[in-house]
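Residue-level listing of the chains:
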Amino acid sequence: MNGEELRAIRERRGEDQLSFATWLNGALNRRYDRSRISRWESGAERIPQQVAGFLAGQGGMAAVPQTAGGLAAGPKLRRAVVAVANQKGGVGKTTTAVNLSYALSTLGLKVMLLDSDPQGNATVHMGLDPGEIETHRKGLYNVVRGGASFDSILQPVCGGMVMLAPSSIGLAAAETELVAEPDNSLVLKEKLAEVRNRYDVIVIDCPPNLGLLTINALAASDLVLIPVQTEVFAGLGVPLLLETIAKIRRRSNPSLNIFGILPTMFSSRLTQDQASLREIQEHYEGRTRVLPAVPRATLFAQASGAGRPAIEADPNSNSVQAYGELARELAAHLQTAETAHVS
Ligand SMILES: Nc1ncnc2c1ncn2[C@@H]1O[C@H](COP(=O)(O)OP(=O)(O)OP(=O)(O)O)[C@@H](O)[C@H]1O
Ligand SMILES: [Mg+2]
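Since the model is a prediction, treat every value here as computed from it, not as a measurement. (Residues numbered from 1 in each chain as written. Chains lettered and ligands numbered in written order. Predicted model: local features only at pLDDT ≥ 70, side-chain atom pairs only at ≥ 80, totals over all residues. Heavy atoms only, no water.)

Asker: Talk me through the sheet that holds strand β1 (residues 80-84); I want residue IDs and the actual numbers.
Answerer: Strand order in the open sheet made by the seven strands is β3-β4-β2-β5-β1-β6-β7, with mixed pairing throughout. Of all the strands in the sheet, just β3 (155-157) and β7 (257-264) have a single pairing partner and so form its edges. Within this sheet the neighbouring strands show an average axis-to-axis angle of 25°, counted without direction. Across four bridges, strand β2 (residues 111-115) lies against strand β4 (residues 162-165) in parallel orientation. Directly across from L113, in β4, lies its bridge partner L164. (Pairing = 2+ DSSP bridges. Helix = DSSP H or I, 4+ residues; strand = E, 2+ residues; numbered from the N terminus. Axes fitted to C-alpha atoms, helices over the stretch in contact; angles between N-to-C directions.)

Pasting the structure below:
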């Protein structure tokens, strides 16, 4: 990697040299300063292997990519809010939201993860304590109901790579309290406007129901990602979600699109899983993108217990590659969308 390529990455992140250094330091546990970035960019000093490797290698796409389907440094990215939703419980929404957020950040994108589930699973998965969030009133509830700003609740996680808007059980009250609010599906969208332009991607982890929190997330989003557990097809419950998405598109958010269906917890050794995956692919062929399946692996639960994304804890494991691929596909989609928009 040369200085020009490094500068292109920094500029695409919309950062000055100081904040770029802060980002790198958070990710690599170093203490680079602004002048060091400047010397790298001018070619006065060689870019350390670790930095070049991090930018070009880990997820790769932060650098100028050589591979097909990669994220070129040139065209700008369209910013997007992505809801990870499925009213069915335990299908891998939180695991997907957390790993996708981190994987996107390794591509050089500025990412915010919004925990919109009162269970606070994404908050725990990122190493924070929902009890503390509740006590200090620093959760999403305080934004949607308490008049707090997003800035007052956002916390850096994964060594500063991702900003998290955490949640706690108190958010459950919002479901009923929002009922009395005018235009109660648009509260989150209004609040997100404060920070939307500061992030390339905002990922929302939705709760396992189609209540007002999910409706608010969908109304605020550009894309929906639907994780489905690779299991007997009849049990997926996706049609109801698709109906809800269609209603939201008609009534309040015509630009809402489905990014794809993400089969999760796929065991390639099981004939049943293979049959279900085929069924999902055949059913949605030509209508909705079916993304590469995420394998079943204990690594995901272990990493979540340790309060970090599996793809951060063990980036070289085969099990996490589907999330790296998902992030690259999403980033490439946003780049294409921007190019299409411009032309
Ligand atoms: N690919 C995977 N392989 C094995 N276990 C997984 C995988 N993905 C998720 N899990 C585990 O499955 C459980 C449910 O996952 P997760 O919490 O992400 O689902 P969810 O849809 O967010 O659940 P909820 O509906 O309760 O919010 C967790 O224990 C998680 O660690
Ligand atoms: Mg969840």
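Asker: Explain helix α13 (residues 271-284) to me, and be specific about the residues and the numbers.
Answerer: Taking 1.5 Å per residue, 14 residues should reach 20 Å; α13 reaches 20 Å between its end C-alpha atoms and fits that length. For α13, the complete set of buried residues consists of D273, S276, L277, I280 and Y284. Buried residues of α13, seen end-on, are gathered within an arc of 100° and therefore sit on one face of the element. Looking at α13, the residues exposed on the side facing more than 90 degrees away from the buried face are T271 and E282. Looking at the buried residues of α13, the elements they touch are β6 (223-229), α12 (238-251) and β7. With its phi angle positive at about 80°, G286 sits one or two positions after the end of α13. (Expected span 1.5 Å × (residues − 1). Buried < 20%, exposed > 50% of the residue type's maximum accessible area, 1.4 Å probe, protein only. Arc of directions from axis to C-beta. Contact = heavy atoms within 4.5 Å.)

Asker: Go over the domain arrangement of the protein, please, and point to the residues and values.
Answerer: Partitioning the protein into structural domains gives domain 1 (3-58) and domain 2 (69-342). Of note, the centres of domain 1 and domain 2, computed from C-alpha atoms alone, are 28 Å apart. (Domains from an automatic or database assignment.)

Asker: Lay out the site of ligand 1 in plain terms, naming residues and giving numbers.
Answerer: Lining the immediate surroundings of ligand 1 are 18 residues, of which G90, K93, T94, T95 and P295 lie closest. T95 has a polar side-chain atom sitting 2.5 Å from an oxygen atom of ligand 1. Within the backbone of A297, an N or O atom sits 2.9 Å from a nitrogen atom of ligand 1. In the complex, the protein chains occlude 80% of the 620 Å² of accessible area that ligand 1 would expose alone. For the shell around ligand 1, the secondary structure elements donating two or more residues are α5 (93-106) and α14 (298-305). In terms of residues, the shell around ligand 1 owes the most to one element, α5, which gives three residues. A class-by-class count of the residues in the shell around ligand 1 yields eight nonpolar, six polar and four charged. (Near = heavy atom within 4 Å. Polar contact = N/O pair within 3.5 Å; in protein donor to acceptor, adjacent residues only side chain to side chain. Areas by Shrake-Rupley, 256 points an atom, 1.4 Å probe, with all protein chains shown as cover. Nonpolar A, V, L, I, M, F, W, Y, C, P; charged D, E, K, R; others polar.)

Asker: How would you summarise the pattern of salt bridges if you had to cite specific residues and measurements?
Answerer: Within this structure, the stated rule accounts for 13 salt bridges. Across the pair E41 and R7 runs a salt bridge whose closest N-O atoms are separated by 3.4 Å. Here R7 lies in helix α1 (residues 3-12) and E41 lies in helix α3 (residues 34-42), a separation of 34 residues in the sequence. The closest approach of N and O atoms between E181 and R145, which form a salt bridge, is 2.9 Å. Here the residue E181 occupies a position in the loop between α9 (172-177) and α10 (187-192), and R145 occupies one in the loop between α8 (140-144) and β3, the gap between them amounting to 36 residues. Assessed through its relative accessible area of 28%, E181 is described here as partly exposed. The class of R145 is partly exposed, set by a relative accessible area of 30%. Linked by salt bridges that have partners in common, R7, R10 and E41 make up one network. (Salt bridge = Lys/Arg side-chain N within 4 Å of Asp/Glu carboxyl O.)

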